[in-house]
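Read off the chains here:
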Amino acid sequence: MLLEVEGLTRHFGGVAAVKEISFKLKKSEIFALIGPNGAGKTTVFNLITGMLAPDAGSLVFEGMSLAGLKPHQIAAAGITRTFQNLQLFGGMTVLENIMAGAHLKGRTGFLKALAAWPGSAREEKKIRQEALALLKEVGLAGLADLPAAALPFGRQRLLEVARALASGPRLVLLDEPAAGLNSAETKELADYLKRLREEGKSMVLVEHDMETVMEVADRIMVLNFGEVIALGTPAEIQANPEVIKAYLGEDEQVA
Amino acid sequence: MRVLEKIRPPAGTAGCPAACLIKIYKVNSSQIDFNSVVNRSYEDMLKNAVVLTVLIFFLVLPLLIRSNYLLGILIVTGLYTIIVIGLGILMGYAGQVSFGQAAFFGLGGYTAAILSTSCSWPTPAALLAAMVLPGLVAALIGRPTLKLKELYLALATLAFGILVHILFNEGGEITGGPSGLMGIPYLSLGGLVFDRDIKFYYLVLAVVLLVSLAVHNLIQSRTGRALRAIRESEHAAEAAGMDTVLLKLQAFVFSAVLAGLAGGLYAFYVTFISPSPFSFHMSVQFVLMAVVGGLGTFWGPLLGSGLVVALGEALRWAVPLVIPGAGGEYQIIFFGIILVLVMVFRPGGLGSLFSPPVHRERPGRPGEKGVDDSVAGG
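Conventions adopted
- Residues numbered from 1 in each chain as written.
- Chains lettered and ligands numbered in written order.
- Predicted model: local features only at pLDDT ≥ 70, side-chain atom pairs only at ≥ 80, totals over all residues.
- Helix = DSSP H or I, 4+ residues; strand = E, 2+ residues; numbered from the N terminus.
- Buried ≥ 20, exposed ≤ 12 C-beta atoms within 10 Å, placed from the backbone.
- Contact = placed C-beta atoms within 7 Å.
- Axes fitted to C-alpha atoms, helices over the stretch in contact; angles between N-to-C directions.
- Parallel < 35°, antiparallel > 145°, perpendicular 65-115°, else oblique.
- Left-handed = near helix turned anticlockwise from the far one by under 90°.
- Nonpolar A, V, L, I, M, F, W, Y, C, P; charged D, E, K, R; others polar.
- pLDDT = per-residue confidence, 0-100.
- Pairing = 2+ DSSP bridges.
- Domains from an automatic or database assignment.
- Core = buried A, V, L, I, M, F, W, Y, C linked by C-beta atoms within 7 Å.

(A) Broad picture of the overall build of chain A. When helices and strands are counted, chain A shows 10 helices and 10 strands. Seen through its principal axes, chain A has C-alpha atoms that stretch 65 × 40 × 35 Å. Among the 255 residues that make up chain A, the fraction classed as buried is 49%. For chain A, the proportion of contacts with a sequence separation of at least 24, taken over those separated by at least 6, is 65%.

Written out as structure tokens, the structure reads:
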């Protein structure tokens, strides 16, 4: 198992945002997390990446407990994420965003940087080349020198995904990567995610675009009011009456 | 002007003239035409020429001016530049404000003074200690406060600055109280004694140059990129594996070390030290210099220090003409006015006139919010 989540719980005030969630993630799997707004999906991401501390429950990644680790330590362990509301380094170039995403690949610290340590130039060159290769892979190479904030929205989303991949993580948490994308861009993204899976990357995907979710996800977990109401393959989820109820209300029928 | 517009460097170069010496520039043929490539190398040559010209200017300047008063002002400006370079890293890159730089400046000064007089340390060793001690103190203050977000460091350093100033005043025999310590020896480095202003001027020039070079290296590096990333989005920086607390702490300690270095040099220059130059008022002036000069610009610290020092001198002469009997405290009104004017007409600071800041004003990003909002979502 790549990631084992057991009894994960987090309250905000008196409200349980996430309530005893458990799931196991396999390697090379796209695991989708869906549910209505406020169901606790992003909270799960914040808990996995250490941005929030759980009230109860355990997180084990590649056999190692993530309890008490800070976000940067969890990134170093091999888990990166994107943000629902883009958190690009807007004033930095597209290339620099990727290079910053590859921060963990480098070693040059403060003092070595001040002294322009001989090894650091070589390291910098390597990180730059790898960043350019990644940009080429996602089709952003031509925009490498533009400030990230100057990119059209769809490209910004893609850059955010690429940045999360730059450090070579084993698990990437994608928070609504298709939000705001047009249909061509969404298709492109879905194809890219499938390609990443073939390369052995594991992903947890939070996404509202059901077409994309059904197309790319191996398994889907449905949350409602912080609780798991269903877990299964896309086909199972589509046929699940609980899910239909949560999404559409009691009396509706779904074609 | 129009030509200058065209040869602006791409975002991300530090706007530093020496950048081309180190920069490995990758050109993407699909986006950038041949002309801009030509412009870029031309621009790099221009920048180097500017740095060289400025350097030569400062090398020959003491030969042109015969006044010790002006030379003294230049030396002090150089010392302030060292402090403001450090503060610029903290403010412009790590996004933190310190209102305690005058205290680190003073700690460096007193450390050098006390060690070289009462303890009879060799002056270079005392100067080294003048850098180390403020650095250690900064690490102590920074460790708890930088874990907190926002402007806690500003508050902590503000309190710290006032406290240290009181300690200088009330330090009894150790600090000499309000009248300070006298008889500090001249700095001597391997037989070379800096006993005249002109020698000291060149020493300060060399230190400013060395510090600028080191900081230029830093900004171009992985660490510099991480510091900028923290300023842009701390959450994303953390998620990318950056230890933001450590990086901010390092930037803070570095700024304190530089302020301490300037303080040590100051003590060996004036050979006398008292609490008055290290008040909270001075800390505010350092912040003013950093902002007016332009955060994240290469020339900012020099321009900001030069302008504020020159203005201070001019006001000292001019204010009593307008308001009879007015003391130095009136200066702060004028500094306030200048700060407002700069913020209104040139928010990037004076340095941005010559080179755009590394991180420009952030154009509006769609859906930009803190992670605290996203916690509630999904």
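Let us keep going from here.
(B) Structural view of the overall build of chain B. Check the secondary structure of chain B and you find 17 helices and 4 strands. Counting every position in chain B, which comprises 378 residues, the buried fraction comes to 49%. Nonlocal contacts in chain B, meaning residues at least 24 apart in sequence, comprise 79% of its contacts between residues at least 6 apart.

(C) Up close: the packing of helix H5 (residues 101–117) of chain B against helix H12 (residues 244–270) of chain B. Residues and elements named next belong to chain B. Direction vectors running N to C along H5 and H12 enclose 45°, while the axes themselves pass 6 Å from each other. Overall, the two elements H5 and H12 adopt an arrangement that is oblique. Note on packing geometry: the crossing formed by H5 with H12 is right-handed. Of H12, the residues touching H5 (which contributes Gln-101, Phe-104, Phe-105, Gly-106, Leu-107, Gly-108, Gly-109, Thr-111, Ala-112 and Ala-113) are Ser-255, Ala-256, Ala-259, Gly-260, Leu-261, Ala-262, Gly-263, Gly-264, Tyr-266, Ala-267 and Phe-268. Partitioned by chemical class, the residues of the contact of H5 with H12 number 12 nonpolar, 9 polar and no charged.

(D) View of the confidence of the model for chain B. Residue and element names in this part refer to chain B. Averaged over every residue, the pLDDT of chain B is 81; the share at 70 or more is 81%. Confidence drops under pLDDT 50 across residues 1–37; counting only partners more than four residues distant or on other chains, this segment forms 63 contacts. Throughout residues 356–378 the model reports pLDDT below 50, and contacts reaching past four residues in sequence, or to other chains, amount to 63 contacts. Two summary scores accompany this predicted model of the complex, namely pTM at 0.84 and ipTM at 0.90.

(E) View of the packing of helix H4 (residues 68–93) of chain B against helix H9 (residues 197–220) of chain B. Residues and elements named next belong to chain B. Viewed as axis vectors pointing N to C, H4 and H9 meet at an angle of 20°, and their least axial separation amounts to 10 Å. Comparing their axes, H9 and H4 come out roughly parallel. Viewed along their axes, H4 and H9 form a crossing whose handedness is left-handed. The residues of H9 that touch H4, namely those facing Asn-68, Leu-71, Gly-72, Leu-74, Ile-75, Gly-78, Leu-79, Thr-81, Ile-82, Ile-85 and Ile-89, are Asp-197, Ile-198, Phe-200, Tyr-201, Val-204, Leu-205, Val-207, Val-208, Val-211, Ser-212 and Val-215. Residues belonging to the contact of H4 with H9 are distributed by class as follows: 16 nonpolar, 5 polar and 1 charged.

(F) Just unusual backbone geometry, in detail. Residue and element names in this part refer to chain A. Even without a glycine there, the phi angle at Ala-116 is positive, about 50°. Relative to the assigned elements, Ala-116 resides in the loop between helix H4 (110–114) and helix H5 (118–138). Of note, the phi angle at Glu-176 is positive, near 50°, even though the residue is not glycine. You can see Glu-176 is positioned in the loop between strand S7 (171–175) and helix H7 (183–198). Taking the number of C-beta atoms within 10 Å as the measure of exposure, Glu-176 has 22 and is therefore buried.

(G) Region of interest: the pairing of S7 of chain A. Residue and element names in this part refer to chain A. The element S7 is largely enclosed, with a buried count of 5 among its 5 residues. The pairing of strand S6 (residues 79–81) with S7 spans 3 bridges and is parallel. Paired with Ile-79 across the strands is Leu-171, a residue of S7. Pairing analysis gives 5 bridges linking S7 to strand S8 (residues 202–206), with the strands arranged parallel. Paired with Leu-171 across the two strands is Ser-202, which belongs to S8.

(H) Structural view of the sheet that holds strand S5 (residues 64–65) of chain A. All names here are of chain A. An order of S2-S1-S4-S5 is seen for the 4 strands of this open sheet, with the pairing classed as antiparallel. With partners counted over all chains shown, the strands left at the sheet margins are strand S2 (15–25) and S5, one partner each. Two elements, strand S1 (residues 3–12) and strand S4 (residues 56–61), share 5 bridges in a ladder whose sense is antiparallel. Looking at the pairing, Leu-3 lines up with Phe-61 of S4.

(I) Main features of the sheet that holds strand S9 (residues 219–224) of chain A. Residue and element names in this part refer to chain A. Taking strand neighbours across the sheet as the criterion, the 6 strands line up as S6-S7-S8-S3-S9-S10 in an open arrangement whose pairing is mixed. Each edge of the sheet is formed by a strand with only one pairing partner; in this case those strands are S6 and strand S10 (227–232). Taken pair by pair, the neighbouring strands of this sheet meet at an average axis angle of 20°, ignoring direction. As paired elements, strand S3 (residues 30–34) and S9 share 4 bridges and run parallel to each other.

(J) Region of interest: the domain arrangement of chain A. Residue and element names in this part refer to chain A. Each domain of chain A was delimited in the assignment, giving domain 1 (1–78 + 169–255) and domain 2 (91–159). Between the C-alpha centres of domain 1 and domain 2 there is a distance of 28 Å. At the junction of the two partners, domain 1 supplies 8 residues and domain 2 supplies 5 residues. Where the side of domain 1 that touches domain 2 is concerned, the elements lending two or more residues are helix H2 (71–77) and H7. A class-by-class count of the residues in the side of domain 1 that touches domain 2 yields 5 nonpolar, 2 polar and 1 charged.

(K) Structural detail: the nonpolar core. Leu-135 and Leu-205 of chain A together with Leu-79, Ile-83, Leu-258 and Ala-262 of chain B are the most contacted members of the largest nonpolar core, which totals 175 residues. The dominant element in this core, judged by the number of residues it contributes, is H12 of chain B, at 17 residues. Apart from residues no more than four positions distant in its own chain, Leu-205 of chain A is found in contact with Ile-30, Phe-31, Ala-32, Leu-33, Leu-174, Val-213 and Ala-217 of chain A.

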